[in-house]
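# Close look at the chain arrangement
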Amino acid sequence: MNMKKILVTGGLGFIGSHTVVELQNEGFDVVIIDNLSNSSLDVLQGITSITGKAPIFEKLDLKHKYSVKEFFKTHSDIVGVIHFAASKAVGESVEQPLMYYENNLNTLIYMLDEVCNLASSNFIFSSSCTVYGQADEMPITENAPVKPAESPYGNTKQIGEEIISDVCRVNSNLNAISLRYFNPIGAHKSAKIGELPIGVPQNLVPFITQTASGLRDFLSVFGNDYPTPDGTCIRDYIHVVDLAKAHVVALQRLLKGGNEANYETFNVGTGVGSSVLEVIQSFERVSGLKLKYQFAERRSGDIITAYANTDKANSKLGWTSKSTLDEAMLSAWNWEKKIRGL
Ligand code: UD1
């Protein structure tokens, strides 16, 4: 058994919790830091119930530099850090830019400062396909240019990547990978953990499942006059468990010293683009329900099409996404039914 100790910040969040499960399944010892600002302690029970093992949990806010320092004093045997903790609502970031820069960048700086002092400095960063904006070519490779960010949230991902790259340049002990996620959806097949959006969901899939469960009257499909086959926007929707597994293989690459440079970026998507209408059809197929939806105005800031070229992750990480859109939508629906008691 591999009993290496890994720190997962934001480990009670949507992607973090699924990654903790996959890490524990691979025999890693996991320590979670979470400030519970957008998550719940129930998630810890869900993880424990799936894996049969309770991760160590510390409620801590990474904005408190001194607490971060103290934490690492008692956990100097950590051999890898997966850093999820961040704020992620695009609209909120436009309203409260300073909060976003503080939450997403100060915390990253404090973490990197500590990680550089570890005997084993391995770091994985949650980045996003948002760094590409509307890319000129599909599918999007890692070499596509980074476009000006549409929001402070997007900017924190771009600046975050630059900070890591700059620190890696002068610190050859530090090994880091940024994973650029496409659109994560779905839930663990046990329906014991999943996405818990606070308030009205901004993302498509939780809005669909909440509409089907009766929490919302109907889904607004933002725009049906885009230059796509059915007029709706196209995204690359990846099952969160596949995404979680990408973190495990990225970490293993660093632990084995198999990385080709001490800073690397990888797209994590399925390589398949699906339109909003195709996602709705998938939901209707797997749930056997008819979804109430209406066409509405385009949402400002939406890009038309984004899907990944995943060749780099396929060949260098030995990772591919396995789940189909239908499987991901079914897991999202099973999770919604579970939390609504349906
Ligand atoms: C959004 C964020 C992106 C972030 C990602 C995380 C914006 C502009 N972008 O991306 O920065 O990294 O979430 O998952 O917010 N849609 C509807 N009706 C809805 C909700 C969404 O039609 O009620 C459509 C959108 O117009 C889009 C697609 O569904 O075409 C996906 O939307 P969403 O889930 O919000 O993801 P992104 O816009 O890709």
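In what follows, the accompanying structure is described. Computed from a prediction, not measured in an experiment: that's the story for all the values here.

Its place among the elements puts isoleucine 198 in the loop between strand E7 (183–185) and helix H7 (204–212). In this structure, the C-alpha to C-alpha distance between isoleucine 198 and serine 39, residues 159 residues apart in sequence, is 9.0 Å. The residues touching isoleucine 198, leaving out its near neighbours within four places in the chain, are Ser37 and Asn38.

The end-to-end C-alpha distance of helix H1 (residues 14–25), which contains 12 residues, comes to 17 Å, matching closely the 16 Å that a straight helix rising 1.5 Å per residue would cover. Taken residue by residue, H1 has Phe14, Ile15, Gly16, Ser17, His18, Thr19, Val20, Val21, Glu22, Leu23 and Gln24 as its buried positions. One or two residues past the end of H1 sits glycine 27, with phi positive at roughly 90°.

Bringing the site of the ligand into the picture now. Residues in contact with the ligand amount to 19 residues; listed here are only the nearest, Leu204, Ser220, Arg235, Arg299 and Asp302. Between the ligand and asparagine 203 there is a distance of 3.0 Å, counted from an oxygen atom to a side-chain nitrogen or oxygen. The contact in question runs from an oxygen atom of the ligand to an N or O atom on the side chain of aspartate 302, over 2.6 Å. When the free accessible area of the ligand is taken as 730 Å², the share hidden by the protein chains comes to 86%. Secondary-structure elements contributing two or more residues to the shell around the ligand are H7 and strand E8 (219–222).

A cis amide bond, omega -10°, links methionine 138 with the succeeding residue proline 139. Inspection of the secondary structure puts proline 139 in the loop between strand E5 (122–128) and helix H6 (152–170). Phi at leucine 36 takes a positive value of approximately 60°, unusual for a residue other than glycine. With respect to the element layout, leucine 36 can be found in the loop between strand E2 (29–34) and helix H2 (42–51). The backbone of alanine 191 shows a phi angle near 60°, a positive value even though the residue is not glycine.

What counts and how
- Residues numbered from 1 in each chain as written.
- Predicted model: local features only at pLDDT ≥ 70, side-chain atom pairs only at ≥ 80, totals over all residues.
- Heavy atoms only, no water.
- Helix = DSSP H or I, 4+ residues; strand = E, 2+ residues; numbered from the N terminus.
- Contact = heavy atoms within 4.5 Å.
- Expected span 1.5 Å × (residues − 1).
- Buried < 20%, exposed > 50% of the residue type's maximum accessible area, 1.4 Å probe, protein only.
- Near = heavy atom within 4 Å.
- Polar contact = N/O pair within 3.5 Å; in protein donor to acceptor, adjacent residues only side chain to side chain.
- Areas by Shrake-Rupley, 256 points an atom, 1.4 Å probe, with all protein chains shown as cover.

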